Amino acid sequence: MAAPGPNSKLLFYVKGIFFALLFITLSVLTIACLRTFSLNVNVGLKLADWEKTKHIGFDLSQRQREELFTNFKEAIRIPTVSYSPTDINATALDEFSRLLRKAFPTVFTSSLVQHEVVADYSHLFWVQGSHPDLVPYMLLAHIDVVPASESDGWEAPPFSAEEIDNFIYGRGTLDDKGCVMGILQALEYLLMKGYAPRRGFYIGLGHDEEVSGLNGAVNIVRLLKQRNVQLSFLLDEGFLVLDGVIKGLNEPAALIGVSEKGMATVKLSVTTPPGHSSMPPRESSIGILAAAVKRLEDNPMPMLFGQGPERDTFEHLAHKFNLPLRFLASNLWLFAPIVGRLLALQPSTDAFSRTTTAVTMFNSGVKVNVLPSVAEAFVNLRIHSAQSLQEVLDLINSKVGDQRVKVELVHGFDPLPVSSYSETSYGYQILKKSILDVFPQLTVAPGLCIANTDSRHYKDLAADIYRFAPIWAKGGDTQRIHGINERISKQNYEDMVGFYFTLIQNCDIKKLPETHSGVHEF
Ligand SMILES: *[C@@H]1O[C@H](CO)[C@@H](O)[C@H](O)[C@H]1NC(C)=O
Ligand SMILES: [Zn+2]
């Protein structure tokens, strides 16, 4: 037997480190597994003792059901297309105003409702509550739609509202005439049944959302600010019910947008002395600019997955994911970088985890034998919640890294503030309850909207802005929005009316029940 020498001492330390590492790994794995099978931040107030305010049931006669679809189809048939901020269809918008008055006579004659037209084509309604001490809320939707042409391959003409297999086809069925008509149809039926709200509320219908809302939403906001209105919360379009849209998620989920990304449109330009193409310099304005654009594309903005509300989307849905996603989503404290990298594989999911960079225009040159003196490109960036507009601009400058390329901000704004979604957040919990009242099979989670809505103009009026429409989207359906064959099932539209019917009554709840927390955190 040899005497213990330096070798066995080394072995002793290696063994020690090995067992320490093993212990740490096992502990981490144990915690990760415990979280995987117990993390359910979704029970929340479901079992709590809610004040009952839903006294009027949503039961429609056969005649009312027909009337509801007739009204909706008429709305789809009016081509309220916004082509650009200065090119809207005034004739169609006027026709739409007439349709609203015809379809919802009770809304327009009720002594509880004040209606005004704003900026010629937008509509603002105030529905008076019996308890003026309850802070009002607001429902938003927009009347205008993006262009659509039958020749793009529609199964039914885009402004026909034709029915195929119990789906109503047409531009605006998803975005956003279901909300416009659904909200007012629900109010019409409530008022007809003698309903008078406790909590007052506003309804705002913008007419130019698809071209930034600078006339409709902006002027409605101006009016409300003049009147010193403050809102307890605001609901606009944005997220949907996603059924089979998120990979690995077994069940349909309703995402409520609690923030939306910011935006920057940046112009890059290079100016060089003009000249004849027979004696070109080594680098042209086009070449210099192309290289700068390529550097922007090759060096995407940093991955920020886990630093914005998208983190909580995963944690809220974690228990509904398949393994191994369930394991990853339950343990973002450990796996956020891995999940982020998985999301980066597809543009549609990558958008949730970083500021995206899209080169959208590139202009230069006038003649085949003339060196152009100017080349310019436009880059459109959508800014993640964890970054500011200024940080993004600084990064662009450093990525471009060439004094000859001028970088100018054309238009931009910071990401929208993140609205509250805790168990004490009134708007979020009322919304969640209303979703579950109508669709009990859903899981509700907060989400980050990657596109913008009219609601961003309202940020000074409401600290809590939510973006959700009770539209049921299956795989591929999200492409129908602004795409071809936009459609909604008749059942879904009826449920939308039912949802607003329920939501309006739930908003009469004075305050949330005490929390009986179902959260098990490890
Ligand atoms: C504008 O709307 C009217 C219907 O209100 C329609 O007849 C007309 O074709 C529309 N114009 C355009 C350019 O879409
Ligand atoms: Zn929309």
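Here is what the cut-offs are and how they apply
- Residues numbered from 1 in each chain as written.
- Chains lettered and ligands numbered in written order.
- Predicted model: local features only at pLDDT ≥ 70, side-chain atom pairs only at ≥ 80, totals over all residues.
- Heavy atoms only, no water.
- Helix = DSSP H or I, 4+ residues; strand = E, 2+ residues; numbered from the N terminus.
- Buried < 20%, exposed > 50% of the residue type's maximum accessible area, 1.4 Å probe, protein only.
- Contact = heavy atoms within 4.5 Å.
- Areas by Shrake-Rupley, 256 points an atom, 1.4 Å probe, with all protein chains shown as cover.
- Lys, Arg positive; Asp, Glu negative; His and termini not counted.
- Charge placed at Lys NZ, Arg CZ, Asp CG, Glu CD.
- Near = heavy atom within 4 Å.
- Polar contact = N/O pair within 3.5 Å; in protein donor to acceptor, adjacent residues only side chain to side chain.
- Nonpolar A, V, L, I, M, F, W, Y, C, P; charged D, E, K, R; others polar.
- Patch = residues over 30% accessible without salt bridge, like charges linked within 9 Å, V, L, I, M, F, W, Y side chains within 5 Å.
- Salt bridge = Lys/Arg side-chain N within 4 Å of Asp/Glu carboxyl O.
- Domains from an automatic or database assignment.
- Buried area = accessible area lost by both parts, 1.4 Å probe.
- Core = buried A, V, L, I, M, F, W, Y, C linked by side-chain atoms within 4.5 Å.
- Phe/Tyr/Trp six-rings, centres within 6.5 Å; stacked < 30°, edge-to-face > 60°.
- Expected span 1.5 Å × (residues − 1).
- Arc of directions from axis to C-beta.
- Pairing = 2+ DSSP bridges.
- Axes fitted to C-alpha atoms, helices over the stretch in contact; angles between N-to-C directions.

**Description of the overall build of the chain**
Of regular secondary structure, the chain possesses 14 helices and 19 strands. Each principal axis of the C-alpha distribution contributes one length, and for the chain these read about 100 × 80 × 50 Å. Looking at the chain as a whole, 52% of its 522 residues are labelled buried. Summarising the internal contacts of the chain: among those between residues at least 6 apart in sequence, 82% fall at separations of at least 24. Counting every atom, the chain has about 23,700 Å² of accessible surface; 57% of that belongs to carbon and sulfur. In the chain, the 48 positive side-chain charges and the 55 negative ones have mean positions that sit 5 Å from each other.

**Quick look at the site of ligand 1**
Contacts to ligand 1 come from Pro-79, Tyr-83, Asn-89, Thr-91, Ala-92 and Glu-95. Tyr-83 is positioned such that a nitrogen or oxygen atom in its side chain is 3.2 Å from an oxygen atom of ligand 1. Take Glu-95: an N or O atom from its side chain is 2.7 Å from an oxygen atom of ligand 1. Residue classes in the shell around ligand 1 are distributed as 3 nonpolar, 2 polar and 1 charged.

**Some details on a nonpolar patch on the surface**
A contiguous nonpolar surface patch, about 490 Å² in accessible area, is contributed by Phe-18, Phe-19, Leu-22, Leu-26 and Leu-29. Residue Phe-18 is classed as partly exposed on the basis of its relative accessible area, which comes to 49%.

**A short note on the domain arrangement of the chain**
Taken domain by domain, the chain holds domain 1 (62-238 + 420-440 + 447-506) and domain 2 (260-413). Each side of the interface is counted separately: domain 1 has 11 residues, and domain 2 has 14 residues. Here domain 1 and domain 2 share an interface that buries about 1,200 Å² over both sides, 54% of which is from carbon and sulfur atoms. Broken down residue by residue, the surface that domain 1 buries against domain 2 is led by Leu-448, Ile-450 and Asn-452, which jointly contribute 57%. Along the contact surface separating domain 1 from domain 2 lie 1 salt bridge. Between Arg-467 and Glu-260 there is a salt bridge, and its shortest N-O distance comes to 2.6 Å. Scanning the region where domain 1 abuts domain 2 turns up 7 residue pairs in polar contact (both at pLDDT 80 or more). The biggest single contributor to the side of domain 1 that touches domain 2 is strand β17 (residues 443-449), with 3 residues.

**Digging into the nonpolar core**
Phe-96, Met-181, Leu-205, Leu-235, Ile-435, Tyr-493 and Leu-503 are the most contacted members of the largest nonpolar core, which has 97 residues in total. Examining the composition of this core, we find that 10 residues originate from one element, helix α5 (residues 177-192), more than from any other. Viewed by domain, this core spans two of them, domain 1 (62-238 + 420-440 + 447-506) and domain 2 (260-413), each represented by three or more residues. Residues contacting Leu-503, with those up to four places away along its chain left out, are Leu-139, Leu-235, Ile-430, Leu-431 and Ser-434. Of all hydrophobic cores here, the second largest spans 21 residues; its members include Val-266, Ala-292, Ala-375 and Leu-389.

**What about the environment of Pro-157?**
Take Pro-157: it is sitting in the loop between β5 (137-142) and β6 (163-164). Note on Pro-157: relative accessible area 26%, which makes it partly exposed. In sequence terms Pro-157 and Pro-273 are 116 residues apart; their C-alpha atoms lie 52 Å from each other. The residues contacting Pro-157, other than those within four sequence positions of it, are Glu-150 and Glu-162.

**What about the packing of aromatic side chains?**
This structure, assessed with the given rule, holds 19 aromatic pairs. Here Phe-69 and Tyr-493 contribute two aromatic rings whose centre-to-centre distance is 6.4 Å and whose plane-to-plane angle is 55 degrees, an arrangement assigned as tilted. You can see Phe-69 sitting in helix α2 (residues 62-77) and its partner Tyr-493 sitting in helix α14 (residues 490-506), a full 424 residues away along the chain. Comparing Phe-69 with Tyr-493 shows no difference in burial state: the two are buried. Residues Phe-72 and Tyr-493 carry aromatic rings whose centres are separated by 4.1 Å and whose planes lie at 10 degrees to one another, so their mutual orientation is stacked. Remark: Tyr-493 occurs in helix α14 and Phe-72 occurs in helix α2; sequence separation between them is 421 residues. Taking relative accessible area as the criterion, Phe-72 reaches 0% and is therefore assigned buried.

**With respect to helix α7 (residues 285-298)**
Helical geometry: 3.6 residues make up each α-helical turn, so side chains three or four residues apart lie on a common side. Helix length check: α7, at 14 residues, gives a terminal C-alpha distance of 20 Å against a target of 20 Å (1.5 Å per residue), a fit within 8%. The complete set of buried residues in α7 reads Ser-285, Ile-288, Leu-289, Ala-292, Val-293 and Leu-296. Taken down its axis, α7 places every buried residue within 130 degrees of arc, on the same side. Along its buried surface, α7 packs onto β11 (262-271), β13 (356-364), β15 (374-383) and α12 (389-400).

**Regarding the sheet that holds strand β16 (residues 406-413)**
Pairing between the strands of a sheet is mediated by backbone hydrogen bonds and can be parallel or antiparallel. Pairing in this open sheet of 4 strands is antiparallel, and the strands run β13-β15-β11-β16 from one edge to the other. Strand pairing shows two members of the sheet lacking a second neighbour, β13 and β16, which therefore form its edges. The mean inter-strand angle of the sheet, taken between neighbouring strand axes irrespective of direction, is 20 degrees. Across 10 bridges, β11 lies against β15 in antiparallel orientation. Of the residues in β15, the one forming a bridge with Val-266 is Val-379. Sheet strands touched by α7: β11, β13 and β15. Its angle to β13, the strand with the most contacts, is close to 170 degrees. Relative to the sheet, α12 contacts β11, β15 and β16, its axis offset from that of β16 by approximately 160 degrees.

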